[in-house]
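Single-letter residue listing:
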Amino acid sequence: MENKITELNKKLLIEIMNIMIPTNDEIPSAGNMGIYKQLEKYFIKLNSYNKSIITILKSINLHPYVRISGSFFSIDFEKKIEILKWHEENMIDDFNNLKGSIFAIYYNDQRVIKKIDWDQKKNNYKKVKIPNWDQSILEKVNKIEPFWKKI
Amino acid sequence: MKNNEIDYLVIGSGASGAAFSWKLSKNGAKVLCLEQGEFIDPNSYPKNKNHLEIAALTEWNWNSNFRDNKFDYPINNQNTPIQPLMFNAVGGSTIHYTAHTPRFHPSDFKVRTLDGVAEDWPINYFNLEKYYDENDIMMGCSGIAGDPANPSRTKRSYPPVPLGNDGEMIAKAFDRLNWHWWPSDNYVNSNYFRNKWGFIGSHALMDRPSVSSTDNKYWPEAIKYGAKIVTGARVKKILTNNQKRAIGVEYIKDGKVNFIKVNNVVLACNAIGTARLLLMSSSENHQNGLGNSSKLIGKNLMFHPYALIRGSFEGDNKFYNGPTANILMSQQFYETDKSRGFDRGFSLQMVRNHGPALTALELDWGENHHKQFSESFGNILGFSIIAEDLPEEKNYVSLNNNIKDSDGLPGVNINYTLSENSRKILDFAINKTDKVLKEAGAKFTFNTPLMRQAGWHLMGTTKMGDNPQNSVTDKYGKMHDMENVYIIDGSLFVTSASVNPTPTIQALALMIADNLLKNGK
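Given the structure is predicted, the values throughout are model-derived calculations rather than measurements. (Residues numbered from 1 in each chain as written. Chains lettered and ligands numbered in written order. Predicted model: local features only at pLDDT ≥ 70, side-chain atom pairs only at ≥ 80, totals over all residues.)

Another aspect to go through is the overall build of chain A. For chain A, the helix and strand inventory stands at eight helices and zero strands. The helix and strand sequence of chain A, counted from the amino end, reads α-α-α-α-α-α-α-α. What you see for chain A is a C-alpha radius of gyration of 23 Å, clearly larger than the 15 Å of a compact globule of 151 residues, by over 25%. Each principal axis of the C-alpha atoms in chain A carries an extent, and together these give about 70 × 45 × 30 Å. (Helix = DSSP H or I, 4+ residues; strand = E, 2+ residues; numbered from the N terminus. Rg over C-alpha atoms; globule rule 2.2 N^0.38 Å.)

Below, the discussion takes up the overall build of chain B. Assigned secondary structure in chain B consists of eleven helices and 19 strands. Since a compact globule built from 521 residues should have a radius of gyration of about 24 Å, the 22 Å found for chain B is in line with a globular shape. Projected onto the principal axes, the alpha-carbon positions of chain B cover approximately 70 × 50 × 45 Å. Counting all 521 residues of chain B, 57% fall into the buried class. (Buried ≥ 20, exposed ≤ 12 C-beta atoms within 10 Å, placed from the backbone.)

Chain A puts 42 residues into the contact, and the matching count from chain B is 49 residues. Sorting the residues of the side of chain A that touches chain B by element identifies α1 (7-20), α2 (36-44), α3 (47-62), α6 (92-106) and α8 (120-123) of chain A as the ones contributing at least two each. Per element, the largest residue contribution to the side of chain A that touches chain B is four residues, and it comes from α6(A). (Contact = placed C-beta atoms within 7 Å.)

Let's shift gears to the nonpolar core. All names here are of chain B. Counting 191 residues, the largest nonpolar core has Leu 9, Ile 11, Phe 20, Val 266, Ile 385 and Ile 512 as the members making the most contacts within it. For this core, the element with the highest residue contribution is helix α11 (residues 502-519), accounting for nine residues. When sequence neighbours within four positions are dropped, the list of residues in contact with Leu 9 reads Leu 32, Leu 34, Val 249, Ile 260, Val 262, Asn 264, Val 265 and Val 266. (Core = buried A, V, L, I, M, F, W, Y, C linked by C-beta atoms within 7 Å.)

A separate point is α3(A). Because each turn of an α-helix spans 3.6 residues, side chains separated by three or four positions end up pointing in the same direction. Residue and element names in this part refer to chain A. Between the first and last C-alpha of α3 there are 22 Å, a value that for 16 residues agrees with the 22 Å anticipated at 1.5 Å per step. Three or more residues of α3 are buried, namely Tyr 49, Asn 50, Ser 52, Ile 53, Ile 54, Ile 56, Leu 57 and Ile 60. Of the surrounding elements, those touching the buried residues of α3 are α1, α2, α4 (64-69), α5 (77-90) and α6. (Expected span 1.5 Å × (residues − 1).)

It is worth spelling out the packing of α3(A) against α6(A) at this point. All names here are of chain A. Contact pair α3 / α6: the axes reach a minimum separation of 8 Å and the direction vectors enclose 110°. What the angle tells us is that α3 and α6 run roughly perpendicular. Residues Ser 48, Tyr 49, Ser 52, Ile 53, Thr 55 and Ile 56 of α3 touch α6, and the partners they reach there are Asp 93, Asp 94, Phe 95, Asn 97, Leu 98 and Ser 101. Looking at the contact of α3 with α6, its residues break down into five nonpolar, five polar and two charged. (Axes fitted to C-alpha atoms, helices over the stretch in contact; angles between N-to-C directions. Parallel < 35°, antiparallel > 145°, perpendicular 65-115°, else oblique. Nonpolar A, V, L, I, M, F, W, Y, C, P; charged D, E, K, R; others polar.)

Attention now moves to unusual backbone geometry. All names here are of chain B. At Ala 99, a position not held by glycine, the phi torsion is positive, near 65°. For Ala 99, the position within the fold is in the loop between β3 (75-79) and α3 (111-115). In this structure Ala 99 comes out as buried when scored by C-beta crowding, with 27 C-beta atoms within 10 Å. In this structure, Asn 178 is a non-glycine residue whose phi angle is positive, near 60°. Position of Asn 178 relative to the elements: it lies in the loop between α5 (164-177) and β4 (182-183).

Attention now moves to the sheet that holds strand β9 (residues 256-261) of chain B. All names here are of chain B. Taking strand neighbours across the sheet as the criterion, the three strands line up as β7-β8-β9 in an open arrangement whose pairing is antiparallel. Across the chains shown, the open sheet's two edge strands, defined by having one partner strand only, are β7 (233-240) and β9. Strand after strand, the sheet turns through a mean of 25° between neighbouring axes, direction not considered. (Pairing = 2+ DSSP bridges.)

This prediction gives chain A a mean pLDDT of 91; 90% of its residues lie at or above 70. At the low end of the mean pLDDT range in chain A sits α8(A), at 59; at the high end sits α5(A), at 97. (pLDDT = per-residue confidence, 0-100.)

Residue and element names in this part refer to chain B. Pairing in this open sheet of five strands is parallel, and the strands run β6-β2-β1-β10-β19 from one edge to the other. Strands at the two margins of the open sheet, each flanked by one partner only, are β6 (228-231) and β19 (485-487). Pairwise comparison of adjacent strand axes, ignoring direction, gives a mean angle of 20° for this sheet.

All names here are of chain A. With 14 residues, α1 extends 20 Å from end C-alpha to end C-alpha; this agrees with the ideal 20 Å at 1.5 Å per step. All of the buried residues along α1 are Leu 12, Leu 13, Ile 16, Met 17 and Met 20. The buried residues of α1 all sit within an arc of 145° when viewed along its axis, so they share a single face. Buried residues belonging to α1 abut α3, α5 and α6. (Arc of directions from axis to C-beta.)

Glancing now at the packing of helix α4 (residues 125-139) of chain B against α11(B). Residue and element names in this part refer to chain B. Taken N-terminus to C-terminus, the directions of α4 and α11 make an angle of 110°; their axes are 8 Å apart at the nearest point. If you check the angle between α4 and α11, you find them roughly perpendicular. Residues Asn 127, Leu 128, Tyr 131, Tyr 132, Glu 134 and Asn 135 of α4 form the contact with α11, whose participating residues are Pro 503, Gln 506, Ala 507, Leu 508, Leu 510 and Met 511. When its residues are assigned to classes, the contact of α4 with α11 shows eight nonpolar, three polar and one charged.

Take the pairing of strand β1 (residues 8-11) of chain B next. All names here are of chain B. Residues Tyr 8 and Val 10 of β1 are buried on one face, and the alternating residues Leu 9 and Ile 11, pointing to the opposite face, are buried as well. Alignment of β1 against strand β2 (residues 31-35), held across four bridges, turns out to be parallel. Among the inter-strand pairings, Tyr 8 is bridged to a residue of β2, identified as Val 31. For the crossover that starts at β1, traverses helix α1 (residues 15-26) and ends in the parallel β2, the hand is right-handed. (Right-handed = clockwise from strand over helix to strand, strands pointing away.)

Quick look at the environment of Glu393(B) now. Residue and element names in this part refer to chain B. Secondary-structure assignment places Glu 393 in the loop between β15 (380-387) and β16 (396-404). Glu 393 sits in the exposed class, given 11 other C-beta atoms within 10 Å. Between the C-alpha atoms of Glu 393 and Leu 450, which are 57 residues apart in sequence, the distance is 21 Å. The residues touching Glu 393, leaving out its near neighbours within four places in the chain, are Lys 299 and Asn 300.

Before going further, it helps to examine the pairing of strand β11 (residues 306-312) of chain B. Every other side chain in a regular strand lies on the same face of the sheet, so the side chains alternate between the two faces. Residues and elements named next belong to chain B. A large share of β11 lies buried, amounting to five of its seven residues. Where β11 lies against β15, seven bridges are found, and the strand directions are antiparallel. Counted as the bridge partner of Ala 307 is Ile 385 from β15. Taken together, the five bridges between β11 and strand β18 (residues 444-448) define a ladder with antiparallel strand orientation. Counterpart to Ile 309 in the pairing with β18 is Asn 447.

All names here are of chain B. Within the secondary structure layout, Arg 103 lies in the loop between β3 and α3. C-alpha of Arg 103 to C-alpha of Ser 152: the two residues are 49 residues apart in sequence and 11 Å apart in space. When residues no more than four places from it in sequence are discounted, the contact partners of Arg 103 are Tyr 132, Asn 150, Val 499, Pro 503 and Thr 504.

This is the structure we're talking about:
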């Protein structure tokens with residue numbers, strides 16, 4: 001199978017990204033964020049993801065709605081959703097790879113990180129003193145008689 | 001070490017291969033291990049916790065098919081609802097596991113006697129007990145003795161990993177229901193968490209010095225005692241000179257085929273890799289695969305079928321702080337109760353919220369996504385449900401000559417169907433787990449009835465037993481058909497229990513090593 005994504009299919013992929021992760025206030029939809037290069041860098045270069053993404057794009061282009069109208073871009077939004085849902089239900093692994101790669105890149109983008117308040121300096125290994133192990137939490141369960149089956 | 005001085009050639013350096021090599025070399029045996037992967041640099045684990053989520057889907061993916069790593073072999077997963085997960089490197093899958101280390105129960109070895117299903121093991125819990133203890137000390141176990149669901153055990157090396165406020169909330173919900181729970185045993189140094197409590201992710205990808213894997217525990221000791229390890233060495237075939245005796249192996253390193261003569265061959269490649277190698281080692285005298293007169297090699301593959309149930313809680317809870325899993329476990333429903341309509345049972349293992357990307361993947365895409373995300377992120381807690389899988393010959397591993405590894409050796413097919421019994425266990429468990437999450441205060445719950453990327457535990461493809469017609473090895477891992485070929489990994493399991501298998505795999509390897517030291521066979 002050809003492992004390069006054509007310019008036309010790149011546009012299709014960007015459109016899918018826009019549908020899967022739409023605009024969120026000031027954050028553009030995923031396809032319009034300019035994160036395609038990151039998608040290429042981390043995922044499209046890997047055979048497994050490359051194969052899945054190309055398989056889904058190829059299949060979308062062969063869908064009857066697309067063939068009738070000549071292009072995914074020219075069909076109704078509802079039909080676009082219907083096509084993607086069909087792939088989600090019927091080409092589970094490939095669709096999950098496509099979805100996984102898009103979501104991983106989107107949620108790794110600094111604009112999104114800021115938007116969802118996922119500040120790594122705040123959340124990552126925060127210097128919070130965790131109290132030592134407190135045995136009292138076991139008070140009730142310790143009253144259960146040993147119940148493992150003796151044989 | 002000259003070739004003819006090798007007492008034991010161990011194939012695979014993971015959980016079992018490392019423990020076995022340590023024990024034998026410590027007692028003076030000449031051990032050589034061939035490992036198809038390489039040493040992993042502890043500094044190569046993702047430090048940036050955002051990138052962690054990309055890494056978990058790419059170069060650190062649990063599923064070898066996604067990594068594009070030349071040390072892996074291809075697996076055809078088209079005929080299985082559960083995909084096998086593994087890592088090929090020095091340390092094997094302990095490089096990349098969550099280090100959750102419960103033990104089997106005594107009943108797990110006697111399911112035929114107790115419940116009339118599957119078969120009893122040819123050994124019992126108490127045969128393994130001292131090896132469990134030995135392994136816990138070598139690996140460094142955090143936890144606390146006294147669990148009423150299990151036989152008593154020795155003091156753990158470290159205190160339990162802190163439960164956190166969320167863990168205590170769940171523990172109290174169990175208490176109110178009068179259900180069992182207990183802090184999880186982990187091969188993790190819990191002191192690590194004293195001053196670090198934030199988003200950590202899975203132990204599998206956290207800062208590694210605190211997590212025990214066999215490359216950092218057993219191997220340094222084994223090498224000190226004289227064991228050798230050759231990396232990037234993929235075994236192609238075990239060779240025999242007659243029907244009963246292996247004379248050596250062919251292995252490929254840097255594209256070149258080498259032959260090495262040995263006295264004993266020890267397979268430690270996990271339940272898929274070991275079956276693969278035995279099937280690849282067919283010859284005129286062993287037409288169905290090496291030592292396969294029982295025709296059972298590759299059959300009885302068991303996974304642990306997993307379901308995932310999540311509860312959504314109100315507030316700004318930050319449930320992503322702390323390690324994602326290995327917090328506490330309930331074995332309230334571990335044993336068979338025929339009134340439930342299925343045999344055997346399950347364990348519940350508490351899991352926290354993932355980071356943002358993996359949280360998002362559990363939600364809808366499209367117009368509802370952002371709303372769902374803002375409500376869910378940091379506010380989801382749940383359980384993974386680990387069901388006991390009973391062995392069935394229709395679940396098997398076979399060779400696939402249409403897909404090849406980087407050395408041109410065949411890949412494997414996984415042929416697996418979820419049994420009706422396992423489905424019933426998971427359905428019952430989802431219902432019960434819903435109750436505990438609601439008791440803890442969840443607004444609503446949602447679930448994944450069967451996790452696809454969850455074949456962490458690979459078991460059963462060369463089961464042990466007393467009857468050569470109905471098993472592949474004896475109770476000490478020696479293949480019935482061979483005088484000097486041993487199996488020491490999860491392939492030996494007769495049944496699967498409903499707990500993570502690593503300590504049991506390692507205890508078996510230590511027991512087999514001990515028997516060889518004492519009896520020489």
